[in-house]
Amino acid sequence: MSDPREALQSALAAIIPGGELATMTLPDVPEMQLLLLSPDYPRGNLSAAEMQRIMDNPLYWVFCWASGQVLARYLLDNPARVRGRRVLDFGCGSGVVAIAAALAGAREVIACDIDPLALAATGVNARLNGVELSLSDDYFAVSGELDIIIVADVLYDRENLPWLQRFAARAPQVLVADSRVKDFDYPPYRALSRRDSCTLPDLDESVEFRDVRIYLADSLGHSAIGGAP
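Residues numbered from 1 in each chain as written. Predicted model: local features only at pLDDT ≥ 70, side-chain atom pairs only at ≥ 80, totals over all residues. Heavy atoms only, no water.

Caption draft 1: Quick peek at the packing of helix α3 (residues 66-77) against helix α4 (residues 96-103). Packing of α3 against α4 brings their axes to within 8 Å, and their N-to-C directions diverge by 5 degrees. For the element pair α3 / α4, the angle class is roughly parallel. Between α3 and α4, the residues in contact are Gly 68, Leu 71, Ala 72, Leu 75 and Leu 76 and Val 96, Val 97, Ala 100, Ala 101 and Leu 103, respectively. Class assignment for the residues of the contact of α3 with α4 results in nine nonpolar, one polar and no charged. (Axes fitted to C-alpha atoms, helices over the stretch in contact; angles between N-to-C directions. Helix = DSSP H or I, 4+ residues; strand = E, 2+ residues; numbered from the N terminus. Parallel < 35°, antiparallel > 145°, perpendicular 65-115°, else oblique. Contact = heavy atoms within 4.5 Å. Nonpolar A, V, L, I, M, F, W, Y, C, P; charged D, E, K, R; others polar.)

Caption draft 2: Geometry of the packing of aromatic side chains. The full count for this structure, using the stated rule, is 14 aromatic pairs. Their ring planes at 90 degrees and their centres at 5.6 Å tell us that Phe 90 and Tyr 139 sit as a pair that is edge-to-face. With Phe 90 in strand β3 (residues 86-90) and Tyr 139 in the loop between β5 (134-136) and β6 (148-152), this residue pair connects regions lying 49 residues apart in the sequence. Residue Phe 90 shares its accessibility class with Tyr 139, and that shared class is buried. Members of the aromatic cluster, connected to one another through ring pairs, are Phe 90, Tyr 139, Phe 140, Trp 163 and Phe 167. When the ring centre of Tyr 139 is taken as origin, the NZ or CZ atom of Arg 170, which lies over that ring, is 5.9 Å away. (Phe/Tyr/Trp six-rings, centres within 6.5 Å; stacked < 30°, edge-to-face > 60°. Buried < 20%, exposed > 50% of the residue type's maximum accessible area, 1.4 Å probe, protein only. Lys NZ or Arg CZ within 6 Å of the ring centre and 35° of its normal.)

Caption draft 3: Up close: the confidence of the model for the protein chain. Per-residue confidence for the protein chain gives a mean pLDDT of 90, with 89% of residues at or over 70. A low-confidence stretch, residues 223-229 stays under pLDDT 50, and its non-local contacts, those more than four residues away or across chains, total 16 contacts. (pLDDT = per-residue confidence, 0-100.)

Caption draft 4: Local environment of the side chain of Ser 179. Within the fold, Ser 179 resides in the loop between β7 (173-178) and β8 (190-196). Residue Ser 179 is classed as buried on the basis of its relative accessible area of 2%. Engagement of the side chain of Ser 179 in a polar contact is seen with the backbone oxygen of Phe 209, the distance being 3.2 Å. Each residue touching Ser 179, except ones within four places of it in the same chain, is listed here: Ser 67, Asp 153, Glu 208, Phe 209, Asp 211 and Val 212. (Polar contact = N/O pair within 3.5 Å; in protein donor to acceptor, adjacent residues only side chain to side chain.)

Caption draft 5: Here's a closer look at the environment of Ala 106. Tracing the chain through its elements places Ala 106 in the loop between α4 and β4 (108-112). Taking C-alpha positions, Ala 106 is 6.9 Å from Val 87, a pair spaced 19 residues apart along the chain. With sequence-adjacent residues up to four places away left out, Ala 106 is seen in contact with Val 82, Arg 83, Gly 84, Arg 85, Val 87 and Ala 101.

The structure is reproduced here in structure tokens:
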């Protein structure tokens, strides 16, 4: 059986020639390490074919996005949110939030993503941090009750907004971290927390995209955990 790290490296190199994966400690979550795109990745002019290849194969899993860092930090600082509970991380990417939930004491964490490379990376990163996760490529195939759904940085595409209601209908609590939607007004979600962060490796994003906010939909009346923004 091939080394999953080698398989991920080969997949990265096929899309970003010269790109290398490296184990990195998260600035805002130093308790965790992730296998991510090395900061010295090629930044020169890309050919039209290379740009198209990247557009056709978005490598969300090679970055730890700002919203993921912030939600991971929040869960580790407020473990009561997930301790002893069955958790689903939607759009897990690198697995940062799912891993944080496991480290915070969740009974089971299901990391869900439609990208097989993201699931493979999440598996590698889970082992790197000494936790076990369940992996799923189909949200609708996850059976049984969920206690909480956690979601980071999936609202960059406004077509994903209808998922907010699907989450709230599926689980009694939902935590959403986002830095893209500044006019967030989607009941029953309410602002819960706010923190500045950045994507790793740093994409030199504008200040507005470093401003991450966490929103909670809660039908259990436990919104006091973790305080207000």
